[in-house]
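Observations on the three-dimensional arrangement
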Amino acid sequence: MTTFADLGVDQDIVDALSAKGIVDAFPIQEQTIPLGLPGQDIIGQAKTGTGKTFGFGIPVVQRLGADPAPGVKALIVVPTRELAVQVYEDMDMLTSNRSTSVVAIYGGKAYEGQIDQLKAGAQIVVGTPGRLIDLNNQRLLDLSHATEVVLDEADKMLDLGFLPDIEKIFSKVPAVRHTQLFSATMPGPIVALARRFMSNPIHIRATDPDEGLTQANIRHLVYRAHSLDKDEVIARILQAEGRGKTVIFTRTKRAAQKLVDELNDRGFNAGAVHGDMSQEARERSMAGFKAGKKDVLIATDVAARGIDVDDVTHVINHTIPDDEKTYLHRAGRTGRAGKTGIAVTFVDWEDLHKWALINRALEFGQPEPVETYSSSPHLYSDLDIPAGTKGRIATAPKTQAVRVQPEKAADAAAAAENDGQGTTRRRRRRRSGGSAERVGSTFEAAEAGAKPAGEQSAQADGERGAEGAGTHDGGGKEHHDGRPAPRRRRRRRGGAGGGAAPAGA
DNA sequence: AAAAAAG
């Protein structure tokens, strides 16, 4: 294992990291830090939860020097306020043994504290575009000496919704600068666009070509859903034995609010994060979830990217996301830093085409999702969901909240099972990671986490071979992006469920 | 089309 010290990181930063128990560098860090330190422009791509923040953050801190003069010298732009808080905390930790100070600049909060910290001479700014531009317009944020610039979740920052703001921000920073763009997903066209803001970037992909596109630590389970059953099924998943924290994603703010109310009515300890909430309430939810006071977080895609919470064991897509990038980022809230996790997705009938798209783009190679709930006892089995009374929400018993402590959870699960139909045999211990034995063939078909080694890598290697594990091409010349999304032509009309079947079926 | 991001 390579340590941060091995990579040429200053001792005080190494000390700051080791105070948090962090000594060994992850692959993306191993590859980008030695290049970032001397000022190489980098497009850094690595899977969710594999340490990208330190990959760009450490070079930023070190390049400013041990005792930089007051004033903004580094700018890190992120897509959401919660991510700004999180990256701020990471940067603050990295600078804990030196005089460099960091400030988080984002909306929904009082200006005062942020302005005070800028006036006090903060050197590193982490922020969201709106407030950054706002303060820059008010001449309270001078970006003209920000020679270190980072776009975190870079593909998101460069998509249509954000691009005008990002262009504006780039027009305010020095032309001669060090620019780093990081994300788990970097579609080819975005990479091309990104070059406009960089000089001779190296595109680093810290991925093993044999691994496939998704995190090997995450098991992916997909079910066709009946909307009336969904809340009930989700409530049962939340009783899963050994469940840690769970993040549930909805498509709309309203759906998120409805679900959090429903789950709290049922006795769960859930919080929500979405754009219709006050910033204060958003931060309360996040803090409660991180601290373990709440073990369920219901969110819109505001929380899909970057958010890093320890011990999230389950991600549930209450509604399937629109594209494979969002799917990958959402699922990536679990299975972080080498841990395992489970991603469960419910696909409504009218959304089967979205599953087809994701299935294909992420090379799951799965057939149609299996029927949910009432007709599928396998669902209970594989997720360790106590199989209670079948039926719709209206007739189902209220679910009891289950504490996260394993013993109690086991008790509650056993109790719940007694109400049910004695399906003990069906329940099995969940082993994330995909190596566990399967329950039934129907279910197997929907299980996408464990891919037979080799099966899918052969064709993928053709595309990626030259890139290899950890290779990069110098001089700003790069291979075509190739991945992740081989764009499907156009979705076919009609043929109802056929969309999810593998091509040719 | 939704969500996010200034107020």
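Here the structure is a predicted model, which means the values were calculated and not measured.

Here we look at the protein's contact with DNA strand B
Taken together, the neighbourhood of DNA strand B is formed by 24 residues, with G107, R131, K253, G275 and D322 sitting nearest. Residue K253 places a main-chain N or O atom 2.7 Å away from a phosphate oxygen belonging to DNA strand B. In this structure, a phosphate oxygen belonging to DNA strand B sits 2.9 Å away from a side-chain N or O atom of R282. Across the surface near DNA strand B, the residue classes break down as six nonpolar, ten polar and eight charged.

Topic: the nonpolar core
Judged by nonpolar contacts, the single largest core of 53 residues is most densely connected at F4, I58, I76, M91, L94 and I124. Per-element tally for this core: the top contributor is helix 4 (residues 81-94), with six residues. Among the domains, domain 1 (5-209) and domain 2 (218-446) are the pair contributing at least three residues each to this core. Counting 35 residues, the second-largest nonpolar core is a separate cluster that includes L118, V125, A146 and I166.

Quick look at the UniProt feature "short sequence motif: Q motif" (unreviewed entry) in chain A
Summarizing the sequence annotation, UniProt attributes the feature "short sequence motif: Q motif" (unreviewed entry) to residues 2-30 in the numbering used throughout. End-to-end, the C-alpha atoms of residues 2-30 are 7 Å apart, and along that stretch the chain is 45% helix and 0% strand.

Focus: the UniProt feature "domain: Helicase ATP-binding" (unreviewed entry) in chain A
Per the UniProt annotation, the sites labelled "domain: Helicase ATP-binding" (unreviewed entry) are residues 33-204. When the span residues 33-204 is considered, its composition is 39% helix and 17% strand, and the gap between its end C-alpha atoms is 11 Å.

Quick word on the layout of surface pockets
Size it by volume and the second largest pocket reaches roughly 880 Å³. Surrounding the second largest pocket, 37 residues form its lining, D90, D308, D310, R336 and A337 being those nearest its centre. Elements represented by at least two residues in the lining of the second largest pocket include exactly helix 3 (52-63) and helix 4. Here the lining of the second largest pocket is built from residues that sort into eleven nonpolar, twelve polar and 14 charged. Two domains each provide a minimum of three residues to the lining of the second largest pocket, namely domain 1 (5-209) and domain 2 (218-446).

Section: empty space enclosed by the protein
The final tally for this structure, using the stated rule, is six cavities of 30 Å³ or more. Computed from the structure, the second largest cavity encloses a volume of approximately 60 Å³. The leading source of residues in the lining of the second largest cavity is helix 13 (residues 324-331), at three residues.

Structural notes on the packing of helix 2 (residues 27-36) against helix 3
The description of two helices packed together rests on the angle between their axes and the distance between the axes. With their axes 8 Å apart at the nearest point, helix 2 and helix 3 run at an angle of 25° to one another. Our classification of the angle between helix 2 and helix 3 gives roughly parallel. Considering how the two elements wind past one another, helix 2 and helix 3 form a crossing that is right-handed. From helix 2, I28, Q29, T32, I33 and G36 reach across to helix 3, where they touch K52, F54, G55, I58, P59 and R63. Taken together, the residues that form the contact of helix 2 with helix 3 break down as five nonpolar, four polar and two charged.

Describing the side chain of T95
One can find T95 in the loop between helix 4 and strand 3 (102-105). Beyond its immediate chain neighbours, meaning those up to four positions away, T95 contacts V61, T100, V102 and I124.

Comments concerning helix 12 (residues 279-291)
When the terminal C-alpha atoms of helix 12 are compared, their 18 Å separation across 13 residues agrees well with the 18 Å that a helix rising 1.5 Å per residue should span. Of all the positions in helix 12, only Q279, A281, R282, S285, M286, G288 and F289 are classed as buried. Of the surrounding elements, those touching the buried residues of helix 12 are helix 4, strand 9 (245-249), strand 10 (270-273), strand 11 (296-299) and strand 12 (312-317). One or two positions beyond helix 12, positive phi appears at G292, with a value near 90°.

Looking at the side chain of R330
Looking at where R330 falls in the secondary structure, it is placed in helix 13. Side-chain polar atoms of R330 contact the side chain of N317, separated by 3.0 Å. Among all residues touching R330, those that are not within four sequence positions of it are F249, T250, D301, A304, V315, N317, T319, I320 and P321.

Examining the domain arrangement of chain A
Here chain A is described as being made up of domain 1 (5-209) and domain 2 (218-446). With 21 residues of domain 1 in contact, the opposing surface of domain 2 contributes 18 residues. Where domain 1 abuts domain 2, roughly 1,600 Å² becomes buried across the two surfaces, and 54% of that area is made up of carbon and sulfur atoms. At the junction of domain 1 and domain 2, the tally comes to four salt bridges. One salt bridge in this structure joins R305 and D155, with 2.9 Å as the shortest N-O distance. Run the count over domain 1 and domain 2 and you get eleven residue pairs in polar contact (both at pLDDT 80 or more).

Scoring rules and cut-offs
Residues numbered from 1 in each chain as written. Chains lettered and ligands numbered in written order. Predicted model: local features only at pLDDT ≥ 70, side-chain atom pairs only at ≥ 80, totals over all residues. Heavy atoms only, no water. Near = heavy atom within 4 Å. Polar contact = N/O pair within 3.5 Å; in protein donor to acceptor, adjacent residues only side chain to side chain. Nonpolar A, V, L, I, M, F, W, Y, C, P; charged D, E, K, R; others polar. Core = buried A, V, L, I, M, F, W, Y, C linked by side-chain atoms within 4.5 Å. Buried < 20%, exposed > 50% of the residue type's maximum accessible area, 1.4 Å probe, protein only. Helix = DSSP H or I, 4+ residues; strand = E, 2+ residues; numbered from the N terminus. Domains from an automatic or database assignment. UniProt positions renumbered as here; feature names shortened; annotations may be inferred. 1 Å grid on protein atoms, 1.4 Å probe; cavity = no way out; pocket = protein on both sides within 12 Å on 5 of 7 lines; lining within 4 Å. Points joined across faces, edges and corners; volume = space filled by probe spheres on them. Axes fitted to C-alpha atoms, helices over the stretch in contact; angles between N-to-C directions. Parallel < 35°, antiparallel > 145°, perpendicular 65-115°, else oblique. Left-handed = near helix turned anticlockwise from the far one by under 90°. Contact = heavy atoms within 4.5 Å. Expected span 1.5 Å × (residues − 1). Buried area = accessible area lost by both parts, 1.4 Å probe. Salt bridge = Lys/Arg side-chain N within 4 Å of Asp/Glu carboxyl O.

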